Amino acid sequence: MKAKSILPVLTGFLLLSLALQAKEQNHHLRLWYSKPAQKWTEALPIGNGRLGAMIFGGVENDRIQFNEETLWTGAPNDYAHQGAHQYLAQIRQLIFDGKQKEAEDLAMKEFMGVPVRQKAYQAFGDLNLHFPDQSGFTNYHRELDLKNSIHRVTYQSNGVNFTREYISSNPDQVIVIRLTANQKKALNFSILMDALHESKTVKTSGNAMTLNVQVKDGALRGVASVKVITDGTVKTGENQLSVSGAKTATLYLAAATNYINYKDVSGNPEQKVQETLAKVENKKFDRVYSAHLADYQKLFGRFDVQFTENERMKLPTNERIIGFNKNPDDPQLLALYIQYGRYLLISSSRPGTQPANLQGIWNDQLAPAWDSKYTVNINTEMNYWPAEVANLAECQEPLYTMLADCSETGRTVAKEHYNANGWVLHHNTDIWRGTAPINASDHGIWVTGGAWLSLHLWEHYQFSHDQEFLKSKAYPLMRGAAEFFTRFLIKDTKTGYLISTPSNSPENGGLVAGPTMDHQIIRTLFRACISASEILGTDQTFAAKLKEMVPQIAPDQIGKHGQLQEWMEDKDDPNNKHRHVSHLWGVHPGNEINWKESPELMKAARQSLIYRGDDGTGWSLAWKINFWARFLDGNHAYEMIKLLFRPVQIENTVCTGGGGSYTNLFDAHPPFQIDGNFGAPAGMIEMLVQSHLGSIDLLPALPDALPSGKISGVCARGGFELSFSWKEGKLAELKVLSKAGQKCNLNYAGKLVGFDTEKGKVYSFDGKLNRL
């Protein structure tokens with residue numbers, strides 16, 4: 001009897017020991033906490049690109065708030081304002097006459113999209129698990145394992161060890177929850193589903209429960225079904241399922257909507273959900289998880305980064321954030337943040353899905369901030385900044401697909417609003433691929449969203465040298481975006497330069513003629529199209545036209561305060577601390593302003609950033625990390641990182657400035673926007689390697705706080721993949737994989753080494769760039 005009674009204790013001790021060992025292994029790739037989440041920004045995200053969920057990990061009541069990426073308000077609509085181009089000349093003349101308010105009023109009445117607001121991404125529903133006999137618990141631990149793409153909760157209650165595991169599988173297109181106990185018949189719980197939508201139903205049948213929702217005033221409806229497989233007993237009640245006497249239970253959740261594409265909402269979500277569950281319900285969890293892990297690690301496992309380890313790595317993540325705010329000596333927190341950004345991108349943007357929106361795919365509201373759509377004057381672009389350098393190029397495919405859609409709707413808008421050929425995308429888009437001006441004329445009329453996003457296609461070519469991609473996907477979209485501006489740009493009567501008007505410097509200064517950012521983007525797009533034409537040996541006539549126009553576009557200018565001018569007029573206010581620093585686009589992500597070719601403009605751009613100040617919203621801080629990396633000032637970039645890690649609403653610590661980080665490391669605008677979670681990792685990598693000026697610059701902006709480290713699988717333009725380490729601030733060793741067989745130029749500590757490469761071959765160097 002004694003041996004029998006002590007067995008559960010020994011088993012529990014063994015499980016706890018194994019759990020502790022697991023925590024120690026790869027702890028730099030885990031977010032973990034010692035108590036359940038109370039707020040949404042304490043919950044942890046899982047996703048497969050299409051299905052996302054936020055896991056709260058409550059013991060007695062566990063909330064799994066889930067999303068399906070195509071549940072939005074609205075219906076198919078091109079948003080174009082028919083005949084708006086009739087007012088274009090009048091709006092321009094009012095701007096030239098200095099009558100900005102009158103121009104904005106006229107534009108608001110006659111030039112905006114129809115309707116003027118785009119539509120909102122929607123929360124889908126909640127899956128709630130209630131455990132009636134587990135109100136008391138000990139040894140609680142919840143974690144998000146980034147390496148293995150799994151969320152786990154472990155705890156002990158009534159002498160029983162319980163484990164919960166959560167994944168969102170891309171191969172099987174389901175969210176899976178496995179619940180286990182280390183004693184037979186110890187697992188008892190009920191399952192409920194609910195939603196915020198006014199129109200909803202919940203039905204049960206056998207071991208399944210189905211939630212149906214209808215979006216208010218919209219064309220989309222959603223179906224979500226959960227099936228439970230268990231060794232216990234399942235009872236069907238009114239709007240709930242009950243499981244009793246189990247040792248293990250696995251829940252499979254599938255969800256779909258009637259959305260097919262931006263023009264077609266004739267889908268059958270009931271059939272899709274049924275077919276999805278039929279394919280997976282007879283698979284054991286281990287099989288589903290193995291396929292999920294293999295699929296995930298094909299992407300995640302390509303890249304690694306590590307900095308100096310210390311004891312603070314063993315603390316819960318919320319304590320590490322607070323600790324970093326007090327004493328920023330936790331370099332591995334940066335490594336965790338970079339890898340978390342990669343995890344979030346993989347989880348929110350996969351081939352065949354929608355692109356990551358303002359909140360990725362995670363949203364618990366029907367009226368989320370900024371509608372959780374696609375803001376393309378910085379935020380959507382920033383979502384994809386780490387894709388190339390962090391070796392996740394495939395994750396950009398949804399962005400390319402969205403661009404192809406927008407080029408279709410954008411042709412209508414270009415014709416109706418500007419009587420121009422080509423295509424245009426303004427300030428925002430949504431799932432209906434709206435491209436017209438939105439919201440208000442003082443910021444919604446911004447014409448270079450499509451141009452900027454088209455340059456992501458060119459960047460992919462720069463990193464891959466994939467000529468088939470350039471020919472079939474990239475160049476047609478780039479050309480269409482450039483073609484619009486060959487008609488849109490007009491000559492400034494004061495200077496004689498070609499300028500962009502009406503437009504604005506994003507969200508700052510109202511409707512104007514000639515914002516600097518527009519000219520930088522258009523110039524860069526024209527040059528990219530010229531280069532693409534030369535590479536492909538085609539479209540020379542169009543390329544010649546662009547070559548003629550490039551020098552006519554208004555150039556960057558230095559103003560009276562030593563600043564880079566944001567507008568044609570020298571009217572920048574040195575005391576303006578606006579979150580946008582749009583006129584520095586030419587520094588990053590562009591490259592026309594740099595220390596090598598335009599040092600005076602680089603100094604002016606730096607002065608502008610100093611005037612703007614260090615503080616900002618989360619995504620603004622992320623952009624400033626990239627700026628300071630390009631200015632080759634790693635220590636200042638690290639100051640931005642310190643601000644990024646300010647704790648927002650963590651226990652009794654509240655961020656008093658702009659942006660920061662929530663308990664779950666979500667970026668705080670505030671509120672939550674995911675762009676900073678992507679832009680900051682890109683900036684941290686930019687401190688370690690840059691390749692935008694024709695050479696691969698190693699450790700160009702290494703801060704003193706990162707004296708030692710190593711990175712592998714990082715990508716550079718020219719089709720190269722690098723692995724290198726450094727010690728005491730100096731390069732130690734380097735390996736270069738050539739993926740395209742191009743010439744490689746390495747630059748470190750003033751030494752430039754150039755050499756021809758063969759595709760697929762690895763080249764090794766010591767810390768002084770001597771070949772090994």
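Higher on the page you've got the structure.
These remarks concern the structure in this document.

Cut-off values and rules
Residues numbered from 1 in each chain as written. Predicted model: local features only at pLDDT ≥ 70, side-chain atom pairs only at ≥ 80, totals over all residues. Heavy atoms only, no water. Helix = DSSP H or I, 4+ residues; strand = E, 2+ residues; numbered from the N terminus. Rg over C-alpha atoms; globule rule 2.2 N^0.38 Å. Buried < 20%, exposed > 50% of the residue type's maximum accessible area, 1.4 Å probe, protein only. Contact = heavy atoms within 4.5 Å. Areas by Shrake-Rupley, 256 points an atom, 1.4 Å probe, with all protein chains shown as cover. Lys, Arg positive; Asp, Glu negative; His and termini not counted. Charge placed at Lys NZ, Arg CZ, Asp CG, Glu CD. Pairing = 2+ DSSP bridges. Axes fitted to C-alpha atoms, helices over the stretch in contact; angles between N-to-C directions. Phe/Tyr/Trp six-rings, centres within 6.5 Å; stacked < 30°, edge-to-face > 60°. Lys NZ or Arg CZ within 6 Å of the ring centre and 35° of its normal.

Of regular secondary structure, the protein chain possesses 18 helices and 33 strands. Taking 772 residues into account, the globule formula puts the C-alpha radius of gyration at 28 Å, and the protein chain, at 27 Å, falls close to it. Based on the C-alpha atoms only, the size of the protein chain along its principal axes is roughly 95 × 65 × 50 Å. Looking at the 772 residues of the protein chain, the share that counts as buried comes to 61%. Across the protein chain, the fraction of contacts at a sequence separation of at least 24, relative to all contacts at a separation of at least 6, is 66%. Accessible surface, the protein chain: about 28100 Å² in total, of which carbon and sulfur atoms supply 49%. Measuring between centres, the 80 positive side-chain charges of the protein chain sit 4 Å from its 81 negative side-chain charges.

Taken in spatial order, the nine strands of this open sheet run S1-S6-S7-S8-S9-S16-S13-S12-S11, and their pairing is antiparallel. Across the chains shown, the open sheet's two edge strands, defined by having one partner strand only, are strand S1 (30–33) and strand S11 (199–205). If you compare each strand with its neighbour and ignore which way they point, the axes differ by 15 degrees on average. Bridge count between strand S7 (residues 150–157) and strand S8 (residues 160–169): seven bridges; the pairing is antiparallel. What sits directly across from serine 157, in S8, is valine 160. Sitting on the sheet, helix H4 (residues 269–280) touches strand S9 (174–181), strand S12 (208–214), strand S13 (221–230) and strand S16 (248–257), and the angle it makes with S16 is about 150 degrees. Running over the sheet, helix H5 (residues 285–300) touches S7, S8, S9 and S16 and is turned about 45 degrees from S8.

Looking now at the packing of aromatic side chains. Within this structure, the stated rule accounts for 36 aromatic pairs. Between the aromatic rings of tyrosine 418 and phenylalanine 484, the centroid separation amounts to 5.3 Å while the plane-to-plane angle is 80 degrees, which identifies the pairing as edge-to-face. Residue tyrosine 418 is located in helix H10 (residues 397–418), and its partner phenylalanine 484 is located in helix H12 (residues 467–488); the two are separated by 66 residues in the primary sequence. Judged by its relative accessible area of 5%, tyrosine 418 is buried. An aromatic cluster of three or more residues is present, and its members are Phe111, Tyr418, Phe484, Phe485 and Phe488. Between the NZ or CZ atom of arginine 342 and the centre of the ring of phenylalanine 300, over which it lies, the distance is 5.1 Å. The positively charged end of lysine 571 is found above the aromatic ring belonging to tryptophan 567, 5.1 Å away from the centroid.

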